[in-house]
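Below are the chains, spelled out letter by letter.
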Protein chains: 2
Amino acid sequence: MIPDRPVIAIIGAGAIGGYYGARLAQHGHDVHFLLRSDYASVKANGLRIFSRDGDFELPASSLHVYDDVRKMPRADLVIICLKATSNHLLPELITPLLHESTALLTLQNGLGNEELLAQLFGQERVIGGLAFVCINRGESGVIHHMDHGQIRIGELGRPITPRLQRISEMFNSSRVRCEMLEDLRVGRWTKLVWNIPFNGLGTIMNAETDKLIATDAGTGLVREIMTEVVAGACACGVNLPKGLVEQQIERTRSMGAYRTSMQIDRQLGRPIEVEAIFGEPLKAASKAGVEMPLVRTIYRMLQVLSGA
Amino acid sequence: MIPDRPVIAIIGAGAIGGYYGARLAQHGHDVHFLLRSDYASVKANGLRIFSRDGDFELPASSLHVYDDVRKMPRADLVIICLKATSNHLLPELITPLLHESTALLTLQNGLGNEELLAQLFGQERVIGGLAFVCINRGESGVIHHMDHGQIRIGELGRPITPRLQRISEMFNSSRVRCEMLEDLRVGRWTKLVWNIPFNGLGTIMNAETDKLIATDAGTGLVREIMTEVVAGACACGVNLPKGLVEQQIERTRSMGAYRTSMQIDRQLGRPIEVEAIFGEPLKAASKAGVEMPLVRTIYRMLQVLSGA
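Residues numbered from 1 in each chain as written. Chains lettered and ligands numbered in written order. Predicted model: local features only at pLDDT ≥ 70, side-chain atom pairs only at ≥ 80, totals over all residues. Heavy atoms only, no water.

Caption draft 1: Spotlight on the overall build of chain A. In terms of helices and strands, chain A carries 12 helices and 10 strands. What you see for chain A is a C-alpha radius of gyration of 19 Å, in line with the 19 Å of a compact globule of 308 residues. Along the three orthogonal principal directions, the C-alpha set of chain A runs to about 55 × 40 × 35 Å. By element, 50% of the accessible surface of chain A is carried by carbon and sulfur atoms, the whole surface being about 12700 Å². (Helix = DSSP H or I, 4+ residues; strand = E, 2+ residues; numbered from the N terminus. Rg over C-alpha atoms; globule rule 2.2 N^0.38 Å. Areas by Shrake-Rupley, 256 points an atom, 1.4 Å probe, with all protein chains shown as cover.)

Here it is in structure tokens:
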């Protein structure tokens, strides 16, 4: 149950958490941000969002920001935007926020995040979300939203619920287009079909998306990787729509030169989400009897890069 | 037949050609350099070599340098140091230098260079050579020789000849350690066992050698790639010594952080020798019935990088 004016906690207020939290706050929702490195600056100066859907500012006086989760109110909805590489922090970050029916919405990348939350806090709490957004942090307290922005949400292991509809409405009335997924896994694997070749190759080779598909050799490689992921999904019981691979390649062509967040993470020396986006899908497919050899090679190269 | 004081032509006088040619000239040999971008500068100022085996200088007055192969004398020995990516220039660069028994020594990387020379100019002329050297060009006319420097030479398709001994002696008496190979192919494939993982992964991932083997994941990946190359060699009838893989990994560990020439080429936007070092070995092994799947994936990634 999500009450009429839910208490919303945003955990991991980087670009993603900052942006979606700010959109909800801008539209009158009761949003509480847990911040780390940006705490002092946001506490003093608020948040500034430069967005292709309209710039806006949230003055410090209007914001609830915290540097310690134990100072925060219990939440009706916790939106988790941590990088998956920080998932070991989830117990200490989430537990103080829970009441009996607190819902947990993870906007994290890759596979395994919902399952981990379910294991830690109970499956009935967990909602998965996928963000399709080009976004970056600027200086402290400044977010640049360059393109897209829609999210897709789905219940873990069950179809659409009233709770999911309520959350979807909250986003849709806060200038964030939100779709509901009948089957969260279809959403997750569909996104992996794109993320695995473009985040993977782009990060390993330090190449933007347009370079990866500029030649027949590159397009062929991307296509073959995507086809492996589709086969992996199928083995896991997730049937992706026919034509998805070509459709994703064409959509990518229309995007021009795009640097994935993982490529940027590598360039800035930040941790990269190797396990969530590569390791977990490989594990799942392998368990279901399907190997994805190109994906595995990419995974191994990323392990080398991340010093794993 | 190599006469007592042979006319030696150096074709492709980058770092490799410049260094070995300069060593021969320093020791009284009759060396003629074909230069392109460095012609004017070397013609005016000569060559300066900063070498771990002793710095030296060749004044302009002592050098034979040319900007046009048609101005050069016919040669008894042509040393070919072009990048393999410029092999389409071989007919026009070599033909004017030939007399009846001109020997051609290629110090180029990878497979296929000797065979191409044999096809163009006759097998009996062709000698293959491998350079093991850490070397860079500095400003025009300046070469930095950082480490190693030995070469290995072998006849194409036959064992050691008097001609090969003569050339080997020339190098050995010119401060270049030179070994003769009973079987050139063993030398070529042994070098590929190192070049394929380290030039390949290093270029794709923009990582130095030490980073590639800093973790178990990385060492495992390098080992598996090397093992594929050993199997490819074996299929081609080239039996490499047992223990080669571990020996090469250990030797690389002792080298510290090393940037391969291919990694440098990519960084500087120069052509990379994808076909000679990856495409040709893949073709040879495949023809002999052995696939090298990791090598093929690296090859495909390099094709993407080089826009092939």
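Caption draft 2: Looking closely at helix α5 (residues 162-172) of chain A. All names here are of chain A. Of the positions making up α5, those classed as buried are Arg163, Leu164, Ile167, Ser168, Met170 and Phe171. Buried positions in α5, seen along its axis, are confined to an arc of 155° and lie on one side of it. Facing away from the buried side of α5 by over 90 degrees, the exposed positions are Pro162 and Glu169. (Buried < 20%, exposed > 50% of the residue type's maximum accessible area, 1.4 Å probe, protein only. Arc of directions from axis to C-beta.)

Caption draft 3: How the structure looks around the pattern of salt bridges. Scanning the entire structure with this criterion turns up 36 salt bridges over all chains. Close ionic contact of B:Arg223 with B:Glu246 constitutes a salt bridge, the shortest N to O distance being 2.7 Å. Residue B:Arg223 is located in helix α8 (residues 216-235), and its partner B:Glu246 is located in helix α9 (residues 244-255); the two are separated by 23 residues in the primary sequence. Through salt bridges with shared partners, a single ionic network connects A:Arg52, A:Asp53 and A:Asp147. (Salt bridge = Lys/Arg side-chain N within 4 Å of Asp/Glu carboxyl O.)

Caption draft 4: Highlighting the packing of aromatic side chains. Tallying each qualifying case throughout the model produces 8 aromatic pairs over all chains. Where A:Tyr19 meets A:Tyr20, the ring centres are 5.2 Å apart and the plane angle is 75°; that geometry is what we call edge-to-face. A residue is classified by how much of its surface remains accessible, and A:Tyr20, at 1% relative accessible area, is buried. With centroids separated by 6.4 Å and ring planes inclined at 50°, the aromatic side chains of A:Trp194 and A:Tyr258 adopt a geometry described as tilted. Highlighted residues: A:Trp194 in helix α6 (residues 184-205) and A:Tyr258 in the loop between α9 (244-255) and α10 (261-267), separated in sequence by 64 residues. A:Trp194 sits in the buried class, given a relative accessible area of 9%. In this structure an aromatic cluster arises from ring pairing among A:Tyr19, A:Tyr20 and A:Phe171. Residue placement shows A:Lys191 over the ring face of A:Phe132; its charged tip is 5.2 Å from the ring centre. Against the face of B:Phe132 rests B:Arg152, its NZ or CZ located 4.6 Å from the ring centre. (Phe/Tyr/Trp six-rings, centres within 6.5 Å; stacked < 30°, edge-to-face > 60°. Lys NZ or Arg CZ within 6 Å of the ring centre and 35° of its normal.)

Caption draft 5: Geometry of the relation of the copies chain A and chain B. In the superposition of chain A on chain B (RMSD 0.0 Å, axial shift 0.0 Å), the rotation amounts to 180°. Here the transformation between the copies is reduced to the relation of a two-fold axis. By C-alpha distance to the rotation axis, the residue of chain A lying nearest is A:Met205, at 2.6 Å. Comparing contact sets, 100% of the residues at the interface of chain A also lie at the interface in chain B, consistent with an isologous, same-surface contact. (Least-squares fit on C-alpha atoms with pLDDT ≥ 70 in both. Contact = heavy atoms within 4.5 Å.)

Caption draft 6: Local environment of the packing of helix α6 (residues 184-205) of chain B against helix α12 (residues 293-305) of chain B. Residues and elements named next belong to chain B. Running from amino to carboxyl end, α6 crosses α12 at an angle of 40°, the nearest separation of the two axes being 10 Å. Judged on the interaxial angle alone, α12 and α6 are oblique. Classified by chirality, the crossing of α12 by α6 is left-handed. Where α6 approaches α12, its residues Ile196, Gly200, Leu201, Thr203 and Ile204 are matched on the opposing element by Val295, Ile298, Met301, Leu302 and Leu305. (Axes fitted to C-alpha atoms, helices over the stretch in contact; angles between N-to-C directions. Parallel < 35°, antiparallel > 145°, perpendicular 65-115°, else oblique. Left-handed = near helix turned anticlockwise from the far one by under 90°.)

Caption draft 7: Representation of the interface of chain A and chain B. At the interface, 23 residues of chain A touch 23 residues of chain B. Taken together, both faces of the contact between chain A and chain B bury some 2000 Å²; the carbon and sulfur share is 66%. Together, A:Met205, A:Arg300 and A:Val304 form the three largest contributors to the area buried by chain A at its contact with chain B, with a combined 32%. Our enumeration of links across chain A and chain B arrives at 2 salt bridges. B:Arg300 serves as the salt-bridge partner of A:Glu224, at 2.9 Å between the closest nitrogen and oxygen. (Buried area = accessible area lost by both parts, 1.4 Å probe.)

Caption draft 8: Helix α8 (residues 216-235) of chain A, seen in detail. With 20 residues, α8(A) extends 28 Å between its outermost C-alpha atoms, agreeing within 8% with the 28 Å of an ideal straight helix rising 1.5 Å per residue. Considered for burial, the residues of α8(A) that qualify are A:Ala217, A:Gly218, A:Thr219, A:Gly220, A:Leu221, A:Val222, A:Ile225, A:Met226, A:Glu228, A:Val229, A:Gly232 and A:Ala233. Here the buried face of α8(A) lies against α6, α7 (209-212), α9, α11 (274-287) and α12 (293-305) of chain A together with α12 of chain B. At the exit of α8(A) stands A:Gly237, carrying a positive phi of roughly 85°. (Expected span 1.5 Å × (residues − 1).)

Caption draft 9: Layout of the side chain of B:Asn199. All names here are of chain B. Structurally, Asn199 can be placed in helix α6. On the basis of relative accessibility, which here comes to 4%, the residue Asn199 falls in the buried class. With residues near it in sequence (within four places) discarded, Asn199 still touches Trp194, Thr260, Ser261, Met262, Ile277 and Phe278.

Caption draft 10: Representation of the pairing of strand β1 (residues 7-11) of chain B in the model. Residues and elements named next belong to chain B. Of all 5 residues in β1, 5 are buried; the element is thus mostly enclosed. The two faces of β1 match: Val7, Ala9 and Ile11 on one face and Ile8 and Ile10 on the other face are all buried. In the sheet, β1 pairs with strand β2 (residues 30-34) via 5 bridges, with the strands oriented parallel. Bridging across to β2, Ile8 finds its partner in Val31. Pairing analysis gives 4 bridges linking β1 to strand β6 (residues 77-80), with the strands arranged parallel. Pairing of Ile8 across the sheet is with Leu77, part of β6. (Pairing = 2+ DSSP bridges.)

On their own, these measurements won't tell you what the molecule is for.
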